[in-house]
Amino acid sequence: MSVLEIKNLVVQVEEQKIFNRISFGVDERETVLIVGSHGYYNGILLNTIGGFFEPAEGKVTFEGIDIYSKTEEELIALRKKVSVVFQEGVFLANLSVLENLLLPVKFYRKKFIHSKVIKEIKDYCEFFEVPPVLQKRPAFISYTSKKLLSFIRALITHPEMIILNKPLFNLDIRNQKRVIHVLKEMKSQGKTLVISSNSFDVIKALADRVIYLEKNDIKKIMNREDKDFIQQVKQLDILSDLIGVEDEI
Amino acid sequence: MKIFGSIGLGLRTRINNLIEFYLFMIQVLRKVFTFHKQKQIGFIVLLRQIMFTGYEALPLIIFLALSIGGLIILEGNYILGGFGQGQLVYVILVTVVIRELSSILTALIVIARSGTAISTELGNMTINNEINLLRSFGISPISYLVVSRFIGVVVAMFLLTIYFNLAAVIGGWLFSTIFYPINFSFFMNQFLYHLSFTDIIIFVIKSIVFGMAIALISCYQGLKVTAATTEVPQRTIKAAVTSVIAVIICDTIITILFYIL
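These numbers come from a predicted model, not from an experiment.

Right, let's talk about the overall build of chain B for a bit. Secondary structure summary: chain B contains nine helices and zero strands in total. Ordered by position from N to C terminus, the α and β elements of chain B give α-α-α-α-α-α-α-α-α. Referenced to the eigenvectors of the C-alpha coordinate spread, the extents of chain B come out at roughly 65 × 55 × 35 Å. Put simply, chain B has 261 residues, and 41% of those count as buried. Expressed as a percentage of contacts within chain B between residues at least 6 apart in sequence, the contacts between residues at least 24 apart total 86%.

Structure follows, in structure tokens:
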């Protein structure tokens, strides 16, 4: 059963209608990769799935609930299950990095063991080799650190589903491998992953299904069960890395 | 016909904006009563707002109030003393400073410092995707950002108006002692004799209503920013101008109502 379902989606940006009534579903424990010729459309699609961009037509349902028919309060229970990681690693500028990381955890769990969460954060920071910036303001940290820390923020909430926009973008090879490693672990734990990425490494390591967006329409859907899945993927001329780190993952 | 068309469109936009603001106001006021449920994350924002709006504006408020209070007593003594009506300066101090100027001048300072800051901050947060980030956590931007700022500005505005009044009275006494030596307890007795409970109620109501208007308008305009950084200063100017107009309208209505009732 699809945990996330997109039905006849049309999004309007200013006067322009985007997406030609596209439909697809994401099953529980499935990893779906959205690859596209234009990051612009992928970004809008993820923002719509994430509940930030109300569609002009069609529906986005999560566990059967139309997310745009509910108020923010009614969506809190759903939000706790889904973490969204933005491409650019967004932080609240007037909080320290640590306060930013703790914000969703504090909100979700009225009683939480502070030291346990801090340990989890420190372990992830060590794993990703994030410099000691937890007490700093987000303005002082690098783009790469922001990206990794926003990923860590999503991980410590232990979501059932994670939505990621270009998780490897702007990361060095070492951290790309680490991110893929963590995502593989999440996948093995039965989490649902929705990822927008044109990286062959990510597709090869994780994808159960690839949805190929050509401009504003779904051009092709490829399944891991397909005999020639990897060959089909390789034929896409929009991949960012055909010869990459996949053999080492 | 085109002129009528554009007038009609302009009118429709204004009405829509008013309806939108009204709904925003209702949403904020409703969430004020459930703020305690989210105090764990919103409390720090509230404290920071009170600190910025209230505490950091204090020196300016006190400076202004000391001067205004002093000058009113000085001018009042000079003019009314000539007619043998020196007692009336206390009436003027109460009517002009306590009832009117304290809340109006405090509101203008709060608009200039905090209203513009709130509008700019929320506008930039929208541009930087921070509002969507909060929504992704399931944290309502209204509860986390607006309600805490709303309560912060209202509390700070109320406290600042009290400080303004105290400083204005002390300023009045200080200035009067320079030219006409007067005992502080005598000055205070005279002042309190002319100060009625209604005067206190009026400045309390005004300070709370002005605080609410400034906070609501500034937050609303800040959150109206959509995509471009150039919108931020435009919205900030709009927030300041609309707040000033709203404060003056509210002041007039409250004053008239008190004279009627």
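A few words now on the overall build of chain A. Across its full length, chain A carries eight helices and 10 strands. The C-alpha atoms of chain A give 18 Å as radius of gyration, which agrees with the globular expectation for 249 residues (18 Å, within 12%). In terms of overall dimensions, chain A has C-alpha extents of about 45 × 45 × 35 Å along its principal axes. Each of the 249 residues in chain A was classed as buried or not, and the buried ones make up 43%. Within chain A, contacts between residues separated by at least 24 positions form 70% of all contacts whose residues are at least 6 apart in sequence.

Attention now goes to the sheet that holds strand β10 (residues 217-223) of chain A. Residues and elements named next belong to chain A. Taken in spatial order, the six strands of this open sheet run β6-β7-β8-β3-β9-β10, and their pairing is mixed. Of all the strands in the sheet, the pair left with one neighbour each is β6 (82-85) and β10. Recorded for the sheet is a direction-independent mean angle of 15° between the axes of neighbouring strands. Alignment of strand β3 (residues 31-36) against strand β8 (residues 192-196), held across four bridges, turns out to be parallel. Looking across to β8, one finds that T31 is bridged to L193. In the packing of helix α1 (residues 39-49) onto the sheet, contacts are made with β3, β7 (161-165), β8 and β9 (209-214), and the angle to β3 comes to roughly 145°.

Attention shifts here to the interface of chain A and chain B. When the parts come together, some accessible area is lost, and that loss is often what is quoted as the size of the interface. Facing the 18 residues of chain A at the interface are 13 residues of chain B. Among the elements that take part in the side of chain A that touches chain B, helix α2 (residues 72-81) of chain A stands out by supplying six residues, more than any other. Of the residues in the side of chain A that touches chain B, the class split is 11 nonpolar, two polar and five charged.

Residues and elements named next belong to chain B. Their axes nearest at 8 Å, the elements helix α4 (residues 88-127) and helix α8 (residues 197-223) cross at an angle of 20°. Comparing their axes, α8 and α4 come out roughly parallel. Handedness of the crossing formed by α4 with α8: right-handed. A breakdown of the residues in the contact of α4 with α8 according to their chemical character gives 13 nonpolar, 11 polar and four charged.

Whether parallel or antiparallel, the strands of a sheet pair through hydrogen bonds between backbone atoms. All names here are of chain A. If you walk across this open sheet you meet the four strands as β2-β1-β4-β5, and the pairing is antiparallel. Whereas interior strands pair on both sides, the edge strands pair on one side only; in this sheet they are β2 (16-27) and β5 (65-66). In this fold α1 packs onto β1 (2-13), β2 and β4 (57-62), with an angle of close to 120° to the strand it touches most, β1.

A few words on helix α9 (residues 231-260) of chain B. Residues and elements named next belong to chain B. With 30 residues, α9 should cover 44 Å at 1.5 Å per step; its first-to-last C-alpha distance of 42 Å lies within 8% of that length. Within the span of α9, buried status applies to V232, R235, T236, A239, A240, S243 and V247. Those residues of α9 hidden inside the fold are in contact with α4 and α8.

The subject of this paragraph is unusual backbone geometry. Most of the time, phi is negative for any residue but glycine, and the peptide bond is trans. Not every positive phi belongs to a glycine, and A:H158 is a case in point at roughly 50°. We note that B:N129 has phi near 70°; this positive angle belongs to a residue other than glycine. Here B:N129 shows up in the loop between α4 and α5 (130-137).

A few words now on the environment of B:E100. All names here are of chain B. Examined against the element boundaries, E100 turns out to sit in helix α4. By C-beta crowding, E100 is classed as partly exposed, having 15 other C-beta atoms within 10 Å. E100 sits 111 residues away from G211 along the chain, and the two C-alpha atoms are 15 Å apart.

The next thing to look at is the pairing of β9(A). All names here are of chain A. Counting buried positions along β9 gives five out of six residues, so the element sits mostly inside the fold. Taken together, the six bridges between β9 and β10 define a ladder with antiparallel strand orientation. The residue bridging R209 from the neighbouring strand is N223, located in β10. Remark: two residues form the turn of the hairpin made by β9 and β10, two consecutive strands paired antiparallel; K215 in that turn has positive phi of roughly 55°.

Residues and elements named next belong to chain A. Here eight bridges tie β1 to β2, and the two strands are oriented antiparallel to one another. Looking across to β2, one finds that L4 is bridged to V26. Where β1 folds back on β2, the antiparallel hairpin that results is connected by two residues, among which E14 adopts a positive phi of roughly 50°.

Attention now goes to the confidence of the model for chain B. When pLDDT is averaged along chain B, the result is 88, and 98% of the positions lie at 70 or above. Our summary of model confidence lists the complex with pTM equal to 0.82 and ipTM equal to 0.83.

Before going further, it helps to spend a moment on the packing of helix α1 (residues 2-32) of chain B against helix α6 (residues 141-179) of chain B. All names here are of chain B. Relative to each other, α1 and α6 sit at 80°, their axes nearing to 10 Å. Considering the angle they form, α1 stands roughly perpendicular to α6. On α6, the residues that touch Q27, V28, K31 and V32 of α1 are I142, S143, V146, V147, F150 and I151. Split by residue class, the contact of α1 with α6 holds seven nonpolar, two polar and one charged.

The subject of this paragraph is the confidence of the model for chain A. Summary statistics for chain A give a mean pLDDT of 88 and a share of 96% for residues scoring 70 or more. Low pLDDT (under 50) marks residues 245-249 of chain A, which in the prediction has 13 contacts with non-local residues, meaning those over four places away or in another chain.

With respect to the helices and strands, the residue A:V3 is situated in strand β1. Leave out the neighbours within four places in its chain, and A:V3 touches A:V26, A:D27, A:E28, A:F62, A:E63, A:M161 and A:T192.

Reading the values: rules and limits
Residues numbered from 1 in each chain as written. Chains lettered and ligands numbered in written order. Predicted model: local features only at pLDDT ≥ 70, side-chain atom pairs only at ≥ 80, totals over all residues. Helix = DSSP H or I, 4+ residues; strand = E, 2+ residues; numbered from the N terminus. Buried ≥ 20, exposed ≤ 12 C-beta atoms within 10 Å, placed from the backbone. Contact = placed C-beta atoms within 7 Å. Rg over C-alpha atoms; globule rule 2.2 N^0.38 Å. Pairing = 2+ DSSP bridges. Axes fitted to C-alpha atoms, helices over the stretch in contact; angles between N-to-C directions. Nonpolar A, V, L, I, M, F, W, Y, C, P; charged D, E, K, R; others polar. Parallel < 35°, antiparallel > 145°, perpendicular 65-115°, else oblique. Left-handed = near helix turned anticlockwise from the far one by under 90°. Expected span 1.5 Å × (residues − 1). pLDDT = per-residue confidence, 0-100.

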